[in-house]
Amino acid sequence: MSREALGWAALAFGAGAVVVYFVVIAMRPRLVRLLNGSGLFFTGLGLIQASIWVRDGSPSVAWFNADIAIGALCLAVAAQSVSALRNRRAWDGVDRREPTAIGERA
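What comes next concerns the included structure.

Reading guide: rules and limits
- Residues numbered from 1 in each chain as written.
- Predicted model: local features only at pLDDT ≥ 70, side-chain atom pairs only at ≥ 80, totals over all residues.
- Heavy atoms only, no water.
- Helix = DSSP H or I, 4+ residues; strand = E, 2+ residues; numbered from the N terminus.
- Contact = heavy atoms within 4.5 Å.
- Expected span 1.5 Å × (residues − 1).
- Buried < 20%, exposed > 50% of the residue type's maximum accessible area, 1.4 Å probe, protein only.
- Polar contact = N/O pair within 3.5 Å; in protein donor to acceptor, adjacent residues only side chain to side chain.

**What to know about the side chain of Thr 43**
Right, so step 1: Within the element layout of this structure, Thr 43 appears in helix α3 (residues 38-56).
Right, so step 2: Once residues within four sequence positions are removed from consideration, Thr 43 is found in contact with Leu 73, Val 77 and Gln 80.

In structure tokens, the structure reads:
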């Protein structure tokens, strides 16, 4: 991937992560969501910074490492966004797991 394309991909995924974070907070404004989603927020900020670094920095021998790191962070943003946006009910305190044959509960 070219430096220019990598920079734009990092910027797009970073901005998308920050937007998804605030959408999740707006949809479900609870402190737990704020803290759990902070990884998405900070990963997005890191990608935005990486996009500036990649586009403005000089090419070096560590270019392959930058490719891999930014690609992995983009995948992390995608996975965290899906997890944050999926529709889950809040836990109501009831354990709904089925008892297993080995460790059955009474």
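Moving on from the coordinates now.
**Digging into helix α1 (residues 3-27)**
Right, so step 1: Counted at 1.5 Å a residue, the expected span for α1 with its 25 residues is 36 Å, and the 36 Å between its end C-alpha atoms agrees.
Right, so step 2: Of the positions making up α1, those classed as buried are Leu 6, Gly 7, Ala 10, Gly 14, Ala 17, Val 18, Val 20, Tyr 21, Val 24 and Ile 25.

**Examining the side chain of Ser 51**
Right, so step 1: Along the chain, the position of Ser 51 falls in helix α3.
Right, so step 2: With a relative accessible area of 0%, Ser 51 lands in the buried category.
Right, so step 3: Only 2.6 Å separates the side chain of Ser 51 from the backbone oxygen of Ile 48, close enough to count as a polar contact.
Right, so step 4: Once you skip the residues sitting within four places of it in the chain, Ser 51 turns out to touch Gly 7, Ala 10 and Leu 11.

**Regarding the environment of Gly 71**
Right, so step 1: Tracing the chain through its elements places Gly 71 in helix α4 (residues 63-85).
Right, so step 2: With relative accessibility at 29%, the residue Gly 71 sits in the partly exposed group.
Right, so step 3: Along the primary structure Gly 71 and Leu 47 are separated by 24 residues, whereas in three dimensions their C-alpha atoms are 9.9 Å apart.

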